[in-house]
Structure formats: structure tokens, C-alpha cells
Amino acid sequence: MTRTISARAILFDMDGTLVDSHPVVERIWAEFARRFDLDVAEILATSHGIRMVETARKYAPHGTDIDEVVADLSRIEYDDTEGVTAIAGARDLLDSLPHGRWALVTSAARPLTEKRMAGVGLPIPAVIVTAESVSQGKPDPEPYLRAAEQLGVAASDCLVFEDAEAGIRAGVASGAQVVVIGDAPSETADRLGLPRIPDYTALRVEHTDAALIAHLP
């Protein structure tokens, strides 16, 4: 049965939602774990959707220069493009959306965001909220609230697409409607019964002057 959701704007996470960058993410945190003799599986279980600086601060040994570590890992991540692809159907969906009615809300840094989107052939919207844009990253709602504000709409009038627990929590806390992409486990999605789709191939979005109408498969 098709489910219909109406919103004034759509807000997308990037990694895992529009861009499949899991191979790079795993390599970056494996390098971090190797440097500090940490359990990479534990790091990967909690890092997705969260700003790099917050994960590094959580796991690095006391006394570590976090800024230096993050700068180094960011340089490595920026240069690593192997295995990065667009989520199925993402290009057609984004191309169908009206200008100024959607935004990108990601925990990645802006240079990496622009490189990844362009690298997989996805358009870059006028409004982008990145790691540097906020004082509190996901799961705090600030990134989604800021994107909605820049689009000139209330967050409660937005539809968020997310894949990770931290981002799902941020979207819900902002007051937006949330659709989950992919099959990553999410306690929040299960508890609230949020709709979930595997990718965008069967998703249709109609638009009027007043609304974007998403038809979920």
C-alpha cells in the first residue's frame, strides 16, 4: 500500500541516505582505532551520523590533540573515494525537486560534502548545513532546525530522509516527519513506527506551489 506524506520542503542527510560511503567510513575509523589500539567495531556501532570530532573526542585517549587527529583523518577521508556511490534513484529524485525546496543536512564537513555529492553525480542544493554550520550536531535537532530556517519554513513542515539512529533522532526532535532509508537498525524508528524504504527507485514526489507530496512505496 502506498503511503503519502505532504511537506513544504525536504531535508536529506548525505552519507547513507544519498551517498553510500560506508567503505570509506569503515576505513577511516579502522585507521583511528589502529592508532590508539581501540575496538573499531565499537566505534563503528556508535559513530554513524555523528560529527567526526565528537566521535574522536569520545574514544581518543585522554590528552590526545583532537583537532590534530580530526584534521588528519579529514584529509585522508577527503582523498579516499574508492567504493563511494549514489543511493539508487537519488539522482532522479533530486533532479525532480524544485529549486529552493530541499536542503542537505550532514555531519560531514563542507568540502567533503561538496566533493562526495559531485563525485557521484548528485546536484548540490542552495542550502547545505554541515558539521561547521552548527554548535550541536546530530542527534541534537539544531542541524535540521537550521536548514528549515534557511529554507524559510517550519521544521514541522519538513520531511526528513535519514538512515542513522543519530540523524533519525535529530529529525524527530526537530518536529519534522521522518522517513528511514535502508535497513540499519534504529530503536527510534521501531518505537515510532517510522516508514522505511530501501532506496528511492520506487519513490515519487509531486510538487505544487504549496506542497511536496511524497508517495512512498
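Calculation notes
Residues numbered from 1 in each chain as written. Predicted model: local features only at pLDDT ≥ 70, side-chain atom pairs only at ≥ 80, totals over all residues. Heavy atoms only, no water. Pairing = 2+ DSSP bridges. Helix = DSSP H or I, 4+ residues; strand = E, 2+ residues; numbered from the N terminus. Contact = heavy atoms within 4.5 Å. Axes fitted to C-alpha atoms, helices over the stretch in contact; angles between N-to-C directions. Salt bridge = Lys/Arg side-chain N within 4 Å of Asp/Glu carboxyl O. Buried < 20%, exposed > 50% of the residue type's maximum accessible area, 1.4 Å probe, protein only. Phe/Tyr/Trp six-rings, centres within 6.5 Å; stacked < 30°, edge-to-face > 60°. Lys NZ or Arg CZ within 6 Å of the ring centre and 35° of its normal.

## Section: the sheet that holds strand 6 (residues 127-129)
Inference 1: Spatial strand order, 6-5-2-7-8-9: 6 strands in an open sheet with parallel pairing. Each of the sheet's edge strands pairs with one partner strand only, and the pair in question is strand 6 and strand 9 (196-197).
Inference 2: Pairing of strand 8 (residues 177-181) with strand 9 involves 2 bridges; the strand directions are parallel. Following the sheet pairing, Val180 is matched in strand 9 by Arg196.
Inference 3: Across the face of the sheet, helix 8 (residues 165-174) comes into contact with strand 7 (158-162) and strand 8 while running at roughly 165° to strand 8.

## Description of the pattern of salt bridges
Inference 1: Throughout the structure, instances matching the rule amount to 14 salt bridges.
Inference 2: A salt bridge links Glu77 to Arg116, with the shortest nitrogen-to-oxygen separation between them at 3.2 Å. Of this pair, Glu77 sits in helix 4 (residues 66-79) while Arg116 sits in helix 6 (residues 110-119), placing them 39 residues apart in sequence. With respect to class, Glu77 is no different from Arg116; both count as buried.
Inference 3: Of the charged contacts, one joins Arg110 and Glu114 as a salt bridge, the two residues approaching to 2.8 Å between their closest N and O atoms. Of this pair, Arg110 and Glu114 both sit in helix 6, separated by 4 residues, roughly a single helical turn.
Inference 4: Taking relative accessible area as the criterion, Arg110 reaches 34% and is therefore assigned partly exposed.
Inference 5: Salt bridges sharing common partners tie together Glu31, Arg34, Arg35, Asp72 and Arg75.

## Looking at the sheet that holds strand 10 (residues 204-207)
Inference 1: On the basis of which strands lie adjacent, the open sheet formed by 3 strands has the order 1-11-10 and antiparallel pairing. Every interior strand has two partners, whereas the edge strands, strand 1 (3-7) and strand 10, have only one. Direction aside, neighbouring strands of the sheet carry axes that sit 20° apart on average.
Inference 2: Two strands pair when backbone bridges link them, and strand 10 and strand 11 (residues 212-216) are joined in this way by 4 bridges, in the antiparallel orientation. By the bridge assignment for strand 11, Val205 is matched with Ala214.

## Observations regarding the packing of aromatic side chains
Inference 1: Summed over the entire model, instances satisfying the criterion amount to 6 aromatic pairs.
Inference 2: With a centroid separation of 5.3 Å and 10° between ring planes, the pair formed by Phe12 and Phe161 is classed as stacked. Here Phe161 lies in strand 7 and Phe12 lies in strand 2 (residues 9-12), a separation of 149 residues in the sequence. Here Phe12 matches Phe161 in class, with each residue buried.
Inference 3: Each residue in the set Phe12, Trp102, Phe161 and Tyr200 is aromatic and connected to the rest through ring pairs, giving one cluster.
Inference 4: Here the basic side chain of Lys115 rests over the ring of Tyr78, its NZ or CZ set 4.1 Å away from the ring centre.

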